[in-house]
Amino acid sequence: MKRGVTITILILIAIVFFGALYYLYAKNQESPVVFKTDKVENKTIVKNTIATGNIVPDEEVLIKPNISGIIEAVYIKAGEHIKAGDMIAKIKVVANVSSLSNTQNQVQTTKIELDNQEKMYQRQKTLFDKGVISANDHDAALLNYKQAKQNYAASKQSLDIVKTGTTSGLGQYANTVIRSTVTGMVLDVPVKVGNQVIESNNFNEGTTIASVADVGRMIFVGKIDESEVGKIKEKMAIEITIGAIENKKFDANLRYIAPKGITENGAIQFEIKADLANKDATFIRAGLSANASIILEKAEKVMAIKESLVQFDQKTQKPYVDVQAGPQKFIRKDLTLGVSDGIYVQVKSGLKSSDKIKVWNQGLLSDDKEDKKG
């Protein structure tokens, strides 16, 4: 019994021993780890944030009528260039029944008063010619007659205005013809002949007949998230990319940041505006969607390495890299870093342009090469 146990133990010991020998042999047969290296590059690094929005005119003027009625004629169409004072549309006035009735009654009343004052004046003139009354009485009768005559003429003009919107003697002040108040391009004409329009007054915005803007002064209007708004400030440089215009970027300057945010889809958004600086001869249509790349920091032609090559000390959290000192021999070098765009980072000090940096993540370099091939 004891002998059998002893034999079993010896067999187990032999198995473990030979297993250990085989493991060590297999381990020695494995190829040693060969670390690849990457190089220092000279790059321009830009750190930016993106805002989405549209291209719109700096000033868009909405032309509205100052009289209600029906569009009788339209003289312009979208896309035309017009000058201040050019005719846009003509309005046919539709008389208000109540106003028309009151004005007609006023005309009749002033006509009765005129006839009465004329009779009184003729009597006073006859008596004055005979020397019965004084010159003062004659002059008073003449004044009353002239005033009645003026009131009658004014009431007739009021009747014409109620009927047609204008009257003789008003000339350029007639408001049935709507004219442009600015010089620019017609962006939209939302009315047609036969449409009814409402005048613009203190109680009503009125109907827009046309929108006119100077398309030579276009701006970017967009929104930026609250997490980014603290990083930007006015007069920052911006690059505008317009989806409808390929292979072209427009420089702009940030001119406005909204002091109050607006909640959209659960996030706080702040409106921003930027002036386009190099629009040149490119025709940009109002309303085109665009992206604004706001440059937060920029380092031109500086020493840079891939940010993924950087390691951080576990205790001090200071950045460093392993630099090749010989075949598969590396030494640690501490770094001072600058601007980063998330892929490359500026190296202010700690490296030379000829240094070769250890790729501590072996999958990194091969992945980059595959991406370039793809």
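Residues numbered from 1 in each chain as written. Predicted model: local features only at pLDDT ≥ 70, side-chain atom pairs only at ≥ 80, totals over all residues. Heavy atoms only, no water.

Enquirer: Help me understand the nonpolar core in this model?
Expert: The biggest cluster of nonpolar side chains holds 27 residues, and the ones touching the most others in it are Ile 55, Phe 220, Ile 232, Ile 240 and Ile 272. Secondary-structure elements contributing two or more residues to this core are strand E2 (41–57), strand E11 (218–225), strand E12 (237–242), strand E13 (249–257), strand E15 (267–276) and strand E16 (289–306). With residues up to four places along the chain from it excluded, the contact list for Ile 272 reads Ala 51, Phe 220, Val 221, Gly 222, Lys 223, Ile 224, Ile 232, Leu 254, Tyr 256, Ile 257 and Ile 294. (Core = buried A, V, L, I, M, F, W, Y, C linked by side-chain atoms within 4.5 Å. Buried < 20%, exposed > 50% of the residue type's maximum accessible area, 1.4 Å probe, protein only. Helix = DSSP H or I, 4+ residues; strand = E, 2+ residues; numbered from the N terminus. Contact = heavy atoms within 4.5 Å.)

Enquirer: Looking at this structure, how should I read the sheet that holds strand E3 (residues 60–63)?
Expert: The strands making up a sheet associate through backbone hydrogen bonding, with each pair oriented either parallel or antiparallel. Overall, antiparallel pairing links the four strands, which are arranged E3-E10-E8-E5 in an open sheet. Lying at the two open borders of the sheet, with one neighbouring strand each, are E3 and strand E5 (81–82). When strand E8 (residues 184–188) meets strand E10 (residues 210–213), the two strands line up antiparallel, connected through three bridges. Following the sheet pairing, Val 186 is matched in E10 by Val 212. (Pairing = 2+ DSSP bridges.)

Enquirer: Where do I start with the packing of aromatic side chains in this structure?
Expert: Under the criterion given, the structure shown has one aromatic pair. Seen from their ring centres, Tyr 121 and Tyr 145 are 5.5 Å apart, and the 5 degrees between their planes marks the pair as stacked. Here the residue Tyr 121 occupies a position in helix H2 (residues 97–129), and Tyr 145 occupies one in helix H3 (residues 135–164), the gap between them amounting to 24 residues. Taking relative accessible area as the criterion, Tyr 121 reaches 11% and is therefore assigned buried. Residue Tyr 145 is classed as buried on the basis of its relative accessible area of 17%. In this structure, Lys 43 is placed above the aromatic ring of Tyr 344, and the distance from its NZ or CZ to the ring centre is 4.6 Å. Geometry around Tyr 320 places Arg 332 over its ring, the cationic atom sitting 4.1 Å from the centre. (Phe/Tyr/Trp six-rings, centres within 6.5 Å; stacked < 30°, edge-to-face > 60°. Lys NZ or Arg CZ within 6 Å of the ring centre and 35° of its normal.)

Enquirer: I keep staring at the sheet that holds strand E7 (residues 177–179) and nothing clicks. Help me out?
Expert: Overall, antiparallel pairing links the four strands, which are arranged E7-E6-E4-E9 in an open sheet. The open sheet has two edge strands with one neighbour each: E7 and strand E9 (196–197). Of the strand pairs in this sheet, strand E4 (residues 69–74) and strand E6 (residues 87–92) are connected by four bridges, and their pairing is antiparallel. Of the residues in E6, the one forming a bridge with Val 74 is Ala 89.

Enquirer: For this particular structure, what's the right way to read the pairing of E15?
Expert: Consecutive side chains of a regular strand alternate in pointing toward one face of the sheet and then the other. Alignment of E11 against E15, held across seven bridges, turns out to be antiparallel. The residue of E15 that forms the bridge with Ile 219 is Asp 275. Summarising the sheet, E13 and E15 pair through five bridges and their orientation is antiparallel. Considered in E15, the bridge of Asn 253 is made with Asp 275.

Enquirer: Can you walk me through a nonpolar patch on the surface in this structure?
Expert: Together, Ile 7, Ile 11, Leu 12 and Ile 15 make up a nonpolar patch on the protein surface, roughly 380 Å² of accessible area in all. By the element assignment, Leu 12 lies in helix H1 (residues 2–29). (Patch = residues over 30% accessible without salt bridge, like charges linked within 9 Å, V, L, I, M, F, W, Y side chains within 5 Å. Areas by Shrake-Rupley, 256 points an atom, 1.4 Å probe, with all protein chains shown as cover. Salt bridge = Lys/Arg side-chain N within 4 Å of Asp/Glu carboxyl O.)

Enquirer: Is there a simple way to think about the confidence of the model for the protein chain in this case?
Expert: Keep in mind that low pLDDT regions are not for reading the predicted coordinates in detail. In this model, the protein chain carries a mean pLDDT of 83, and residues with pLDDT of at least 70 account for 85%. Contacts of residues 364–374 to residues separated by more than four positions or lying in other chains number eight contacts, the stretch itself having pLDDT below 50. (pLDDT = per-residue confidence, 0-100.)

Enquirer: What am I meant to see in the environment of Asn 48 here?
Expert: Along the chain, Asn 48 turns up in strand E2. Asn 48 sits in the partly exposed class, given a relative accessible area of 37%. For the pair Asn 48 and Ile 294, spaced 246 residues apart in sequence, the C-alpha to C-alpha distance is 5.3 Å. The contact partners of Asn 48, leaving out residues within four places of it in the chain, are Ser 293, Ile 294, Ile 295 and Leu 296. A polar atom in the side chain of Asn 48 sits 2.7 Å from the side chain of Ser 293. (Polar contact = N/O pair within 3.5 Å; in protein donor to acceptor, adjacent residues only side chain to side chain.)

Enquirer: Where do I start with the pattern of salt bridges in this structure?
Expert: When the charged atoms of two side chains with opposite charge come close together, those side chains can pair. With the rule as written, the count across this model stands at 14 salt bridges. Of the charged contacts in the structure, one is a salt bridge between Glu 59 and Arg 217, with a shortest N-O distance of 3.9 Å. Here the residue Glu 59 occupies a position in the loop between E2 and E3, and Arg 217 occupies one in the loop between E10 and E11, the gap between them amounting to 158 residues. Within this structure, Asp 58, Glu 59, Arg 217, Arg 255 and Asp 275 form a network of salt bridges that share partners.

Enquirer: Any chance you could explain unusual backbone geometry here in plain terms?
Expert: Glycine aside, a negative phi is what most residues show, and trans is what most peptide bonds show. Phi is positive for Lys 235, close to 75 degrees, though the residue is something other than glycine. Along the polypeptide, Lys 235 turns up in the loop between helix H4 (226–229) and E12. Classification of Lys 235 by relative accessible area gives exposed; the value is 73%. Phi is positive for Asn 265, which is not a glycine, with a value near 55 degrees. Tracing the sequence through the fold places Asn 265 in the loop between strand E14 (262–264) and E15.

Enquirer: Sorry, what's going on with the side chain of Ser 155 here?
Expert: The residue Ser 155 is located in helix H3 in this model. Polar contacts involving the side chain of Ser 155 include one to the main-chain carbonyl oxygen of Tyr 152, which spans 2.7 Å. Those residues in contact with Ser 155, other than ones at most four positions away along the chain, are Thr 103, Gln 106, Val 107 and Thr 110.

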